[in-house]
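Chain by chain, the residues:
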Amino acid sequence: MPHAINPQSDRNQQLFERAARVIPGGVNSPVRAFKAVGGTPRFVARAQGAYFWDANGQRYIDYIGSWGPMILGHGHPAVVEAVQKAILEGFSFGAPTEREVELAEAILERVPSMDMVRLVSSGTEAGMSAIRLARGATGRSKIIKFEGCYHGHADALLVKAGSGLATFGNPTSSGVPPEVVQHTLVLEYNNLQQLEEAFVLHGKELACLIIEPIAGNMNFVRASVPFMRRCRELCTQYGALFIFDEVMTGFRVALGSAQAVYARDIPGFEPDITVMGKVIGGGMPLAAFGGKRAVMEHLAPIGTVYQAGTLSGNPVATACGLATLKEIGKPGFYEALSQKTQTLVQGLQGAADAAGVPFCGDSEGGMFGFFLFPELPQNYAKVMTTDNKRFNTLFHGMLDRGVYFAPALYEAGFMSAAHTDADIAETVAAAADVFKLL
Ligand SMILES: *Cc1c(COP(=O)(O)O)cnc(C)c1O
């Protein structure tokens, strides 16, 4: 049954009003504000397993998991224990620790395209540093990104397509001077013809091409296998570095990450640089970028590309990340996680079909997306043709029934190992109810 809260005693609303007085928009990251869907953001009081409880004490089945990191669910005992132990040993030293080496080794062991890795504190920082590294290593300035892919909020990456094919982009944020994005070429995702044209025109000046292999910042859109193959070939041919932004997909879609998923179809497939975040920190601020030794050795202190961080490789964050990687490395982990995700997506499909609502969904490992379309979109422009009103009805209908999906139609969803068959059944039953309202 839908939750009913008396507006006078809605703690979420009270907190949101209080927050808005001291924090711009009341939030520390825009999507949390529910601007796209309307209504009051839920202030989280605590979380455990597959659930969180808001400031009113309402329980939600959480399909956000902090936007991906909480792959084990909240408060996994082994992770909590590792973090508690680490805290007692010290919060931060500004000097190297054994645990950083262990985490680097654990990442490299599972993602063999990387010989070396540098730890940082956020995906934004990792993506920004990877671009600088690619420019430093190649001595070139231009970069390619794709519309709808998010690589953090570094200036050069806050850019949308200009008018016409293979042109340089325009800033998507005020405060970013046009000169800063003049080297960023923005192309349509999965558009082979534009890709070919861009390399013919600019290939020899390209430092890198950066892509979200399975894009999770335009809901859930896979790069097609032929598109991915061609990205790899063109980068190699023109001497540009191929950067996989796996901040979301890393250890989320498979133990070997999205690059392992593409290697199933493209034998020997590897990116040159990989950007990681989210899952590798298990919910703590931790991210990384890595690649081949020859590329990574351009980084300071051995190379000329500067990069640094006071809290990089933080001892508590690395403990959390290591404990998380240990759990997800156990046999059968991804099979079980994938099964749950598929069960959810199929259940939602069944509920939509029964209500006669056009619907489709897709998933890989513990990441999923769904659309109010009869078939899967291939690019950002198509995703953004979603009927906002219907999406919002779906979102709020589910929220009222205790199911927390992403509060924006361009975001992916996340399953955790803590979600049970009963949680999934409860979600599907709620969806069956809500689809009738569409
Ligand atoms: C979340 C995300 C980022 C940014 O990471 P932050 O830790 O939020 O800075 C970059 N790239 C992708 C693909 C992401 O999903």
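Analysis parameters
- Residues numbered from 1 in each chain as written.
- Predicted model: local features only at pLDDT ≥ 70, side-chain atom pairs only at ≥ 80, totals over all residues.
- Heavy atoms only, no water.
- Pairing = 2+ DSSP bridges.
- Helix = DSSP H or I, 4+ residues; strand = E, 2+ residues; numbered from the N terminus.
- Axes fitted to C-alpha atoms, helices over the stretch in contact; angles between N-to-C directions.
- Contact = heavy atoms within 4.5 Å.
- Buried < 20%, exposed > 50% of the residue type's maximum accessible area, 1.4 Å probe, protein only.
- Near = heavy atom within 4 Å.
- Polar contact = N/O pair within 3.5 Å; in protein donor to acceptor, adjacent residues only side chain to side chain.
- Areas by Shrake-Rupley, 256 points an atom, 1.4 Å probe, with all protein chains shown as cover.
- Patch = residues over 30% accessible without salt bridge, like charges linked within 9 Å, V, L, I, M, F, W, Y side chains within 5 Å.
- Salt bridge = Lys/Arg side-chain N within 4 Å of Asp/Glu carboxyl O.

1. So, the sheet that holds strand 9 (residues 206–211)
Taken together, the seven strands give an open sheet; going across it, the order is 4-14-13-12-9-5-8, and neighbouring strands pair in mixed fashion. At either end of the open sheet lies a strand with only one pairing partner, and these are strand 4 (116–120) and strand 8 (184–187). Each adjacent strand pair in this sheet contributes to an overall mean axis angle of 20°, direction not counted. Direction of pairing for strand 13 (residues 273–276) relative to strand 14 (residues 287–291): antiparallel, over a ladder of four bridges. Bridge pairing links V275 to F289 in strand 14. Where helix 4 (residues 123–138) meets the sheet, it contacts strand 4, strand 5 (142–146), strand 9, strand 12 (241–246), strand 13 and strand 14, and its direction lies at approximately 165° from that of strand 13.

2. Structural notes on the pairing of strand 16 (residues 367–371)
Of all five residues making up strand 16, five are buried, and the element is well covered by its neighbours. Across five bridges, the pairing between strand 15 (residues 360–364) and strand 16 is antiparallel. Opposite E364, over in strand 16, you have M367 as the bridge partner. Remark: two residues form the turn of the hairpin made by strand 15 and strand 16, two consecutive strands paired antiparallel; G365 in that turn has positive phi of roughly 55°. Where strand 16 lies against strand 18 (residues 413–414), two bridges are found, and the strand directions are antiparallel. Within the sheet, the bridge partner assigned to M367 lies in strand 18 and is F414.

3. Some remarks on the site of the ligand
Around the ligand, the neighbouring residues are S122, G123, T124, Y150, H151, G152, E212, N217, D245, V247, M248 and K278. One nitrogen or oxygen atom from the main chain of G123 is found 2.8 Å from an oxygen atom belonging to the ligand. At 2.6 Å from an oxygen atom of the ligand is found a side-chain nitrogen or oxygen belonging to K278. Here the ligand, which alone exposes 380 Å², has 82% of that area covered by the protein.

4. Details of a nonpolar patch on the surface
Nonpolar side chains collect at one region of the surface, where I87, L88 and F91 lie side by side and expose about 360 Å² of accessible area between them. Structurally, the position occupied by F91 is in the loop between helix 2 (77–89) and helix 3 (98–110).

5. Here's the deal with unusual backbone geometry
For the peptide bond that leads from A300 to P301, omega is 10°, which places it in the cis range. For S66, which is not glycine, the phi torsion reads 60° and is therefore positive. Examined against the element boundaries, S66 turns out to sit in the loop between strand 3 (59–62) and helix 2. Look at S66 and you get partly exposed, because its relative accessible area is 41%. One non-glycine residue, F251, lies in positive phi territory at about 60°. Its location among the elements puts F251 in the loop between strand 12 and helix 7 (257–263).

Such coordinate-based values are descriptive only and should not be taken to indicate function.
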